[in-house]
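Single-letter residue listing:
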Amino acid sequence: MRSLIIQKNQTGRRLDKFLLKYLDKANSGFIYKMLRKKNITLNGKKADGSEKLNLGDEIKIFFSDDTFEKFCSEGQSLNVSSAEQINMPFLPDAAFFPKDGDIIYEDENVLFLNKPVGMLSQKAKKIDVSLNEYALSYLLSSGKISVQELHTFKPSVCNRLDRNTTGLITVGVSLKGTRALTLGFQKRTFDKYYLCIVSGKLEKKADISGFLKKNPYTNKVSVCQEQQNDYDYIETSYEPLAVLKACTVLKVKLITGKAHQIRAHLASVGHPVIGDVKYGEFSLNEQYRMKYGVKSQLLHSWQLSVPQTQNSEAELSYLCGKTFVAEPPKIYEEICGGLLWQHGIQEG
């Protein structure tokens, strides 16, 4: 017999949907049969599967160990006591990341982190360890989620950054938070701002547009000014924050959001992001590597603003009107000689 106590990330679901997730190798006919025969009960009573689950509800499943193994994925059929048993062969040490300074904001629904350079947002291959795994490890070790909850819901990253792009990244901690963040990014109701240092001088605000296509074989995109088949329209807005001798610090807003958009779009108008090995200038990148140790693109996910709105869309109305800021890496300050920090860039 297995006893499951419903926790916060499992509330609000129908019992049958919950059981299909938990007994993930079973079909609906088997689930309903077990409910009819009272081999599965809810709070000690017979249930038909349509019941909505509440915090603290108890589901009892009267199966033998062999039956659990037959209808549950490996690990899910066990009386788990550690994350390694839930189909997660490796979880990184949460003490390594995130540290206190990496956590921008957290509550019971969301976690906002400042991603370092060189870290994947999500796995590209099964053996990868990404920010997603670090966040999960942190949430487990800090008691924000339980091992049992991971059977039916796993917190996950809701916006992605390239491996060598730093800055603000969001994680849905609860089902409510994940749904809200995903909807906000899909509908583009959040305002996202990036900080970057580009080649050349740009002294005025501007909105630039074009058309972009990604090559899945090279993982590069191309940008052109005239519409072509299979190209997507893109629009990027930028504002110069500091104009230096050979470069400009820009605040960039994505009007549309496509892969590599900022890097490729700025390069297409003659102002590539410094340090960008895919779309940048090799000789300029070498100069900044030798002088400042720049090894990757100087592009940073800087601010996330949740607009004040009457519509409490996506269930995160308590965040409306707030702006969250990820402090840029110190290399920005070194290149700008403290100029940006005199204007309070680190505070947004």
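To be clear, the structure that these remarks concern was listed above.
Just so it is clear, the structure is predicted and the values come from calculations on it, not from any experiment.

(A) Empty space enclosed by the protein, seen in detail. What the rule picks out here adds up to one cavity of 30 Å³ or more. Its volume calculated, the largest cavity comes out at about 40 Å³. Taken together, N159, L168, T170, F185, K192, S301, Q303 and L304 form the lining of the largest cavity. Only β7 (166–172) and β13 (299–305) provide two or more residues apiece to the lining of the largest cavity.

(B) Focus on a positive patch on the surface. On the surface, a cluster of positive charge is made up of K33, R36, K37, K38 and K46. Relative to the helices and strands, K37 is located in the loop between α2 (28–36) and β2 (40–42). Judged by its relative accessible area of 52%, K37 is exposed.

(C) Representation of the sheet that holds strand β1 (residues 2–5) within the structure. Spatial strand order, β1-β3-β2: three strands in an open sheet with antiparallel pairing. Edge positions in the open sheet fall to β1 and β2, since each of these has one partner strand only. Going from strand to strand, the sheet's axes swing by 15 degrees on average, the running direction of each strand aside. Of the pairings in the sheet, the one linking β2 to strand β3 (residues 58–61) comprises three bridges and is antiparallel in character. In the sheet register, T41 faces β3, and the bridge partner there is K60. Running at roughly 50 degrees to β3, helix α1 (residues 15–22) makes contact with β1, β2 and β3 of the sheet.

(D) Seen up close, the side chain of D107. Within the secondary structure, D107 is located in the loop between β4 (103–106) and β5 (110–115). We note that D107 is buried and unpaired, the nearest opposite charge coming from K322 at a distance of 7.3 Å. A distance of 2.7 Å separates a polar atom in the side chain of D107 from a polar atom in the side chain of Y105. A polar atom in the side chain of D107 sits 2.7 Å from the side chain of Y318. With residues up to four places along the chain from it excluded, the contact list for D107 reads V173 and Y318.

(E) A look at the packing of aromatic side chains. Counted according to the given criterion, the structure contains twelve aromatic pairs. Consider the rings of Y105 and F324, whose centres lie 5.1 Å apart with planes at 50 degrees: the pair is tilted. One end of the pair, Y105, is in strand β4; the other, F324, is in strand β14 (residues 323–325), with 219 residues separating them in the sequence. Sitting above the plane of the F68 ring, R2 keeps its charged end 4.0 Å from the centroid. We note K251 situated over the ring of Y193; from NZ or CZ to the ring centre the distance is 4.6 Å.

Here is what the cut-offs are and how they apply
Residues numbered from 1 in each chain as written. Predicted model: local features only at pLDDT ≥ 70, side-chain atom pairs only at ≥ 80, totals over all residues. Heavy atoms only, no water. 1 Å grid on protein atoms, 1.4 Å probe; cavity = no way out; pocket = protein on both sides within 12 Å on 5 of 7 lines; lining within 4 Å. Points joined across faces, edges and corners; volume = space filled by probe spheres on them. Helix = DSSP H or I, 4+ residues; strand = E, 2+ residues; numbered from the N terminus. Patch = residues over 30% accessible without salt bridge, like charges linked within 9 Å, V, L, I, M, F, W, Y side chains within 5 Å. Areas by Shrake-Rupley, 256 points an atom, 1.4 Å probe, with all protein chains shown as cover. Salt bridge = Lys/Arg side-chain N within 4 Å of Asp/Glu carboxyl O. Lys, Arg positive; Asp, Glu negative; His and termini not counted. Charge placed at Lys NZ, Arg CZ, Asp CG, Glu CD. Buried < 20%, exposed > 50% of the residue type's maximum accessible area, 1.4 Å probe, protein only. Pairing = 2+ DSSP bridges. Axes fitted to C-alpha atoms, helices over the stretch in contact; angles between N-to-C directions. Contact = heavy atoms within 4.5 Å. Polar contact = N/O pair within 3.5 Å; in protein donor to acceptor, adjacent residues only side chain to side chain. Phe/Tyr/Trp six-rings, centres within 6.5 Å; stacked < 30°, edge-to-face > 60°. Lys NZ or Arg CZ within 6 Å of the ring centre and 35° of its normal.

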